Amino acid sequence: MSKTAETEGALETRGIEQVPDHERTARTRELFPTWVGANISVLLLTMGASLVVAYHLNIWQALVVAVAAPIVSYGLVGLIGIAGKRGGAPGMALSRAVFGQRGNLLPGSVIWVARWGWETINAVTGAYAMLTILDIVFGIKANSVLDLVTLLVFVVATFAISGLGINAVQKCNKYATYFFGVFSVLVLVYLAVNTDWSKVTAHSAGSTAAVITGIGMIAAGGVSWIPSAPDFTRYLPRTASSKAIVGTAVGGAGIVVLPMVLMGAVMAVATPDLASASDPVSFLGEILPTWIAVPYLLIALIGMLLINSMSMYSAGFTAQTLGFKVPRHWAVSVNAVISLVFGGVLMLVATSFMGSFIAFLSLLAVAFSAWVGVFGADMLRRTEYDGRAMTDTTRTSAYWYRGGFSPAAVAAWAIGLVAGLMFTTSDWFTGPLAKNNVIGEYGLGWVATIVISGLLYLALPKPAVVTPQAAEEAEEAEEAEPLAV
């Protein structure tokens, strides 16, 4: 734990402003449990099952997906995380340097809204874990009232942890990592002993397109963390190793994603209905003995709690960059209320949880990828960020550009976003270019989004950075002009 976190106490008071160099005493190895905690989700089991049931992959192809997905997605998480050590500020605050003070409101709003869905999915999964534990241990069956009560308890706990700040999040992630590791080994041993491996290995291979689409499905969860990466690296000193930032992100995610996806694929042989279940958690009580299922569900519940806490922690910063004039911990409450409302609707109305989840993932990845392409391309030319300019939202800011917008960044983001959606297929939406081409067939709409937005941004002319003195002179000239008429 960094000295900064210790000296600040339990409640983190720092918002989107730049962290001073003398407070940036964190270490890169502290990021490892952060990215482990970001992936402790039973949804990885159900997604692993989907690879077998919906995508018709065999166990070896599922292994390829489980290895490739965290390398691709968390490699990008680590690379964007480097901006955090360069600028010492949250991702959406650094984004002002790229899009302009007003221009940043556009991708910021899309990312903020996308987080509503991600946090809703996590909250519902956490509530289902609580319901399953109540059923296994006490025989209490779920009903509409109990659904909403467990959802409320989960969201309140999430708000408490994320509201406290990075100190509480990192400490919880650290201990959850140890417990999750122990019980994951127990589950792996149980499956190894009790699985009919002849059925597992006899499964025929799926298509190459299905493998690549599966990688995209698993990677989408990691892509959602990319804009948040600087939020967790901003306390690192400027001299921190960039290679270590990327390595801890890929390693922390991979050590969870790989075994859980494979466990899900193996479980799907015994329980083929797993991938289409309306409840993504209760199957654990059917497959595993009680002495493993209950503690494992408790750890999974804590994991979902931490994932949502991390997401809401970042969402608080995003809300502040959108103009919410409240402290970070109160900005978090906005997302907490939204996830409670949407979560209630999903639990009471949705008939297929996984169907809704996978459809959401395909659109979520595109929504985040447009920002990733532009911001990542900008990192190739920008190694420093002006802390004063980031927090100055007036026309005197060095990041005001043209009327508060960077035309190159905004145009590249918008075109990349639209293009990516045109190549995307989901149960909710199918783009007009999603068929009869490799991009659409292989589920690469989100990759196309990154490439298109990034290349466009590099090709378009960028506005010059406005110095505070030049901005003040321009403002005085604008005010004087009507007097001269």
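- As recorded in an unreviewed UniProt entry, the protein goes by the name Allantoin permease, listed as coming from Streptomyces diastatochromogenes.
- As stated in UniProt under Sequence similarities (unreviewed entry), the record for the protein gives "Belongs to the purine-cytosine permease (2.A.39) family."
- Within the UniProt record for the protein, the comment given under Subcellular location (unreviewed entry) is "Membrane".

1. Observations concerning the overall build of the protein
- In terms of helices and strands, the protein carries 22 helices and zero strands.
- The buried share among the 485 residues of the protein stands at 58%.
- Within the protein, contacts between residues separated by at least 24 positions form 87% of all contacts whose residues are at least 6 apart in sequence.
- Surface accessibility of the protein: about 18900 Å² in total, with carbon and sulfur atoms responsible for 67%.

2. As for the confidence of the model for the protein
- Across the protein, the average pLDDT comes to 82, with 86% of residues at or above 70.
- Here residues 481-485 is modelled with pLDDT under 50, and outside its nearest four sequence neighbours on either side it reaches zero contacts, counting other chains as well.

3. Details of a nonpolar patch on the surface
- Among the surface-exposed residues, L380, V447, V451, L455 and L458 lie close enough to one another that they form a single nonpolar patch of about 460 Å² accessible area.
- Its location among the elements puts L380 in the loop between α17 (353-379) and α18 (387-391).

4. Focus: the packing of helix α4 (residues 59-87) against helix α11 (residues 208-223)
- For the pair α4 and α11, the least separation of the axes is 8 Å and the interaxial angle reads 40 degrees. Put simply, α4 runs oblique to α11. Relative to α11, α4 is oriented so that their crossing is right-handed. Note on element contacts: α11 touches α4 through V211, G214, I215, I218, A219, G221, G222 and V223, opposite Q61, V64, V65, A68, A69, S73, Y74 and V77.
- Here the residues of the contact of α4 with α11 sort into eleven nonpolar, five polar and no charged.

5. Side note on empty space enclosed by the protein
- Evaluation of the coordinates by the stated rule reveals five cavities of 30 Å³ or more.
- Among the elements of the structure, α3 (43-53), α4, α7 (105-138) and α11 are those that each provide at least two residues to the lining of the largest cavity.
- Among the residues forming the lining of the largest cavity, the class breakdown is 14 nonpolar, six polar and no charged.

6. A closer look at the packing of aromatic side chains
- The tally for this structure, following the rule as stated, stands at six aromatic pairs.
- Residues W35 and F232 carry aromatic rings whose centres are separated by 5.7 Å and whose planes lie at 80 degrees to one another, so their mutual orientation is edge-to-face. One end of the pair, W35, is in helix α2 (residues 31-37); the other, F232, is in helix α12 (residues 229-233), with 197 residues separating them in the sequence. Both residues of the pair, W35 and F232, belong to the buried class.
- Lying across the ring of Y457, K462 places its NZ or CZ 4.9 Å from the centre.

7. Notes on the environment of G214
- Inspection of the secondary structure assignment puts G214 in helix α11.
- Of the residues examined, G214 reaches a relative accessible area of 0% and is grouped as buried.
- In sequence terms G214 and G48 are 166 residues apart; their C-alpha atoms lie 9.1 Å from each other.
- Contacts of G214, omitting those with residues within four sequence positions, involve L51, Y55 and V65.

8. Description of unusual backbone geometry
- At H56, a position not held by glycine, the phi torsion is positive, near 60 degrees.
- Relative to the assigned elements, H56 resides in the loop between α3 and α4.
- Look at Y401: it is not a glycine, yet its phi comes out positive at around 55 degrees.
- Among the secondary structure elements, Y401 is positioned in the loop between α18 and α19 (407-422).

Rules used throughout
- Residues numbered from 1 in each chain as written.
- Predicted model: local features only at pLDDT ≥ 70, side-chain atom pairs only at ≥ 80, totals over all residues.
- Heavy atoms only, no water.
- UniProt positions renumbered as here; feature names shortened; annotations may be inferred.
- Helix = DSSP H or I, 4+ residues; strand = E, 2+ residues; numbered from the N terminus.
- Buried < 20%, exposed > 50% of the residue type's maximum accessible area, 1.4 Å probe, protein only.
- Contact = heavy atoms within 4.5 Å.
- Areas by Shrake-Rupley, 256 points an atom, 1.4 Å probe, with all protein chains shown as cover.
- pLDDT = per-residue confidence, 0-100.
- Patch = residues over 30% accessible without salt bridge, like charges linked within 9 Å, V, L, I, M, F, W, Y side chains within 5 Å.
- Salt bridge = Lys/Arg side-chain N within 4 Å of Asp/Glu carboxyl O.
- Axes fitted to C-alpha atoms, helices over the stretch in contact; angles between N-to-C directions.
- Parallel < 35°, antiparallel > 145°, perpendicular 65-115°, else oblique.
- Left-handed = near helix turned anticlockwise from the far one by under 90°.
- Nonpolar A, V, L, I, M, F, W, Y, C, P; charged D, E, K, R; others polar.
- 1 Å grid on protein atoms, 1.4 Å probe; cavity = no way out; pocket = protein on both sides within 12 Å on 5 of 7 lines; lining within 4 Å.
- Points joined across faces, edges and corners; volume = space filled by probe spheres on them.
- Phe/Tyr/Trp six-rings, centres within 6.5 Å; stacked < 30°, edge-to-face > 60°.
- Lys NZ or Arg CZ within 6 Å of the ring centre and 35° of its normal.

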